[in-house]
Amino acid sequence: MKPQPATVRIAAGQGFWGDWLEAPYRQVTGGPVDYLMMDYLAEVTMSILQKQKSRDPSLGYAKDFIPLMERILPILAERRIKITANAGGVNPRGCAQALAETARRLRLGGKVRLGVVTGDDLLGRLDGLLARGHELRNLDTGRPLADVRDRVVSANAYLGAWPVVEALRGGADIVVTGRVTDTGLTLAPMIHAFGWRPDAWDLLAAGTVAGHTIECGAQCSGGNCLVDWERIPDLANVGYPIVEAAPDGTFEITKHPGTGGRISVAGVKEQLVYEMGNPAEYITPDGIADFTTIRLEQMGKDRVRVSGVRGRPATDKLKVSIGYFYGYKAVGTLVYAWPDAYRKAQAADRILRQRLADLGLKFESVLTEFVGADATHGPLARASAPLDQLPEVQLRIGVRSADKAAVERFTREIAPLILNGPPSVTGFAGGRPKPEEIVAYWPALLDKRAVEPCVEVVDV
Amino acid sequence: MTKHTGRKKKVPLVELAHARSGDKGDTANVGLIALKPEYYPILVKHVTAARVARHFKGIISGPVERYELPNLQALNFLLHGALDGGGTISLKTDAQGKVFSTALLRLELELPR
């Protein structure tokens, strides 16, 4: 057996696809770390990637992962830093192939091993699953998937940490996955480093809490932090979070010295409650974490200790994220200036709605917001805002319909208002809005036994 | 700013708590965190699910659930039917419920003096 390290340092490099490109580089150069964890996949991301893959079978992964890796690969190889990333999207093998080519170009052939985790993609297996009685009922509405089967564009089971652990045990330096849970990418290095058992529910829950804490990157180190927000230092150089985990399941959240942002108990609390359901039951494929058992303690500047986490056994189900074609939408905006900015925007909205009705266009929904008055807080804001004196108001009107032609016609009804509607209007330089295809989200559960993760480890 | 009316005083929630929100489908969650540990019992007593449902009347279409996290001095609210269908379907600026947290902080509590 290999000796157990005292701690393992796992750094968050990306909190979503589109996150700060400087963060991964700074995480691997700013101080010692053992792993770099990068989370790319939100609920809607898989269907976007599926669309890209259908146009070009070599795509379907987070493309900017490759240039980002090109920049840090030599550093990773030199410092023996390992990577866990779900950048593979709906094409992990394509992603690994592009990565391998990049590594060879950097003359790192023979020095890097790639792990690839697949088996989450159920798109090609859906009919077989349905035929065998897996109904994949919508967790929110209770409807069976058969309702929208012919419109499904992506279907992925959420895999947990264990396939990533298997890749690490196989010697992988970089593990590229499809739909592995955000938390699993952080938990896996802990399981691997400390040899945690599959039924060590408290430890697995602790690692899951660690994963949840850093899965949104800087959102736990001072970014998007409401408490004391104006005094959080140097967000321009914000340090992304690092978990320093111990074999007993306790861990500390910190960041590299000299970086901006802040790691505080209050800030970590904000991240812990983010996207929270029932806090006593944070369910992942690896187990159930009880967030009501978490203890937090400030251990010094930019260092918070997390302990006490309790867990319960995993369920026999996996969550499945299904994307299906829903219809079309478009959003148009115009800006009205003082005097009477709000009333002008209201008048423009009434005129536009009358014209849409006169054209006989049918929409599932037409939604108007007055940005500057009520877009974020609705009637709660209108009750106290000085609506007569607003210096400017943006009229923002959106429509949704199964009928693409209706949405397209709507997009042509915005610009005419500039010359034939209420006065003092501007802000239309962006041109006519574009109708957008809506791929909606269908969450479901599936028996774990119906999903078989596949792990490959290859030399570059 | 605390306003005094008779034997009760009105205290804006933003003086007692901070918050962060996110989404799960058409449900927004708001995690409400006491700014000081001694404020937590006030939140538990006064910021009930029914009070929050009243606050968001006409803004959300479904019920409100509340969970307690005494270890973090925090409450978690689930606001169902809050996001015009949620995610990609929604036409709202705040389709992912990111600032529902601040809308909750507009709540005014009537506390004994």
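For clarity, every value in this text was computed on a predicted model and none was experimentally measured.

### Things to note about the overall build of chain A
What chain A contains, in helices and strands, is 13 helices and 19 strands. Scaling as 2.2 N^0.38, a compact globule of 460 residues should have a C-alpha radius of gyration of about 23 Å, and chain A matches this with 25 Å. Counting only C-alpha atoms and orienting by the principal axes, one finds that chain A spans roughly 80 × 55 × 45 Å. The burial tally for chain A puts 50% of its 460 residues in the buried class. Contacts in chain A between residues far apart in sequence, at least 24 positions, make up 76% of those at least 6 positions apart.

### Things to note about the sheet that holds strand E6 (residues 74-79) of chain B
All names here are of chain B. A sheet is described by the order of its strands in space; here 4 strands give the open sequence E3-E4-E6-E5, paired in antiparallel fashion. The open sheet terminates on both sides in strands that have one partner only, identified here as strand E3 (17-24) and strand E5 (64-69). Going across the sheet, the axis of each strand differs from the next one's by a mean of 20°, ignoring polarity. Pairing analysis gives 6 bridges linking strand E4 (residues 27-34) to E6, with the strands arranged antiparallel.

### Comments concerning the interface of chain A and chain B
Chain A puts 42 residues into the contact, and the matching count from chain B is 31 residues. For the side of chain A that touches chain B, the secondary structure elements donating two or more residues are helix H9 (265-272), strand E14 (317-337), strand E15 (365-371), helix H11 (378-382), strand E16 (392-401) and strand E18 (436-447) of chain A. With 5 residues, the single largest contributor to the side of chain A that touches chain B is E18 of chain A. Taken together, the residues of the side of chain A that touches chain B sort by class into 23 nonpolar, 9 polar and 10 charged.

### A word on unusual backbone geometry
Residues other than glycine predominantly adopt negative phi, and peptide bonds predominantly adopt the trans conformation. All names here are of chain A. The peptide bond linking Trp 338 to Pro 339 adopts the cis configuration, its omega dihedral lying at 0°. When you line up the elements, Pro 339 lands in the loop between E14 and helix H10 (341-358). Positive phi is not limited to glycine here, since Asp 228 has a value of about 60°.

### Concerning helix H2 (residues 45-55) of chain A
Within H2 of chain A, burial applies to Thr 45, Met 46, Ser 47, Leu 49 and Gln 50 of chain A. Buried residues in H2 of chain A make contact with strand E5 (152-157), E14 and E18 of chain A.

### Brief notes about the domain arrangement of chain A
The domain architecture assigned to chain A consists of domain 1 (8-120 + 158-315) and domain 2 (325-442). Of note, the centres of domain 1 of chain A and domain 2 of chain A, computed from C-alpha atoms alone, are 39 Å apart.

### A word on the confidence of the model for chain B
Any residue range with low pLDDT should be treated as having predicted coordinates unsuitable for detailed reading. Averaged over all residues, the pLDDT of chain B is 94; the fraction at 70 or higher stands at 96%. Under the prediction, the complex receives an ipTM of 0.95, its pTM being 0.96.

### Side note on the sheet that holds strand E13 (residues 310-312) of chain A
All names here are of chain A. Across the sheet, which stays open at both edges, the 3 strands sit in the order E9-E10-E13 with antiparallel pairing between neighbours. Edge positions in the open sheet fall to strand E9 (282-284) and E13, since each of these has one partner strand only. Averaged over all pairs of adjacent strands, the angle between strand axes in this sheet comes to 30°, irrespective of strand direction. Strand direction decides the pairing type here: E9 and strand E10 (residues 287-290), joined by 3 bridges, are antiparallel. Opposite Tyr 282, over in E10, you have Ala 289 as the bridge partner. Those strands touched by helix H8 (residues 201-214) are E9, E10 and E13, and its axis lies near 70° from that of E10.

### Some remarks on the packing of helix H1 (residues 22-29) of chain A against helix H3 (residues 65-79) of chain A
How two helices sit against one another is set out by the angle between their axes and by the gap between those axes. Residues and elements named next belong to chain A. Between H1 and H3, the least distance of the axes is 10 Å, while the angle of their chain directions is 10°. Judged by the angle between their axes, H1 and H3 are roughly parallel. Between H1, through Pro 24, Tyr 25, Val 28 and Thr 29, and H3, the contact on the second element is made entirely by Leu 68, Arg 71, Ile 72, Ile 75, Leu 76 and Arg 79. Tallied by class, residues from the contact of H1 with H3 come to 7 nonpolar, 1 polar and 2 charged.

### Remarks on the pairing of E5 of chain A
Residues and elements named next belong to chain A. Burial within E5 is extensive, with 5 of its 6 residues counted as buried. In the sheet, E5 pairs with E14 via 5 bridges, with the strands oriented antiparallel. Counterpart to Ser 154 in the pairing with E14 is Gly 323.

### Concerning the environment of His 192 of chain A
All names here are of chain A. Following the sequence through the fold, His 192 ends up in helix H7 (residues 184-194). By C-beta crowding, His 192 is classed as buried, having 22 other C-beta atoms within 10 Å. Placed 188 residues apart in sequence, His 192 and Gln 4 show a C-alpha to C-alpha distance of 9.8 Å.

### Re the pairing of strand E12 (residues 303-307) of chain A
Residues and elements named next belong to chain A. Side-chain alternation along E12 places Val 304 and Val 306 on a buried face and Arg 303, Arg 305 and Ser 307 on a face that remains uncovered. In this structure, strand E8 (residues 251-254) lies alongside E12, joined through 3 bridges in antiparallel fashion. In the strand pairing of E12, Glu 252 is matched with Arg 305. With 5 bridges connecting them, strand E11 (residues 295-300) and E12 associate as antiparallel partners. Residue pairing for E12: Gly 300 is matched across the bridge by Arg 303. Counting the residues in the hairpin turn of E11 and E12 gives 2 residues, including Asp 302, whose phi is positive at 55°.

About the cut-offs
Residues numbered from 1 in each chain as written. Chains lettered and ligands numbered in written order. Predicted model: local features only at pLDDT ≥ 70, side-chain atom pairs only at ≥ 80, totals over all residues. Helix = DSSP H or I, 4+ residues; strand = E, 2+ residues; numbered from the N terminus. Rg over C-alpha atoms; globule rule 2.2 N^0.38 Å. Buried ≥ 20, exposed ≤ 12 C-beta atoms within 10 Å, placed from the backbone. Contact = placed C-beta atoms within 7 Å. Pairing = 2+ DSSP bridges. Axes fitted to C-alpha atoms, helices over the stretch in contact; angles between N-to-C directions. Nonpolar A, V, L, I, M, F, W, Y, C, P; charged D, E, K, R; others polar. Domains from an automatic or database assignment. pLDDT = per-residue confidence, 0-100. Parallel < 35°, antiparallel > 145°, perpendicular 65-115°, else oblique.

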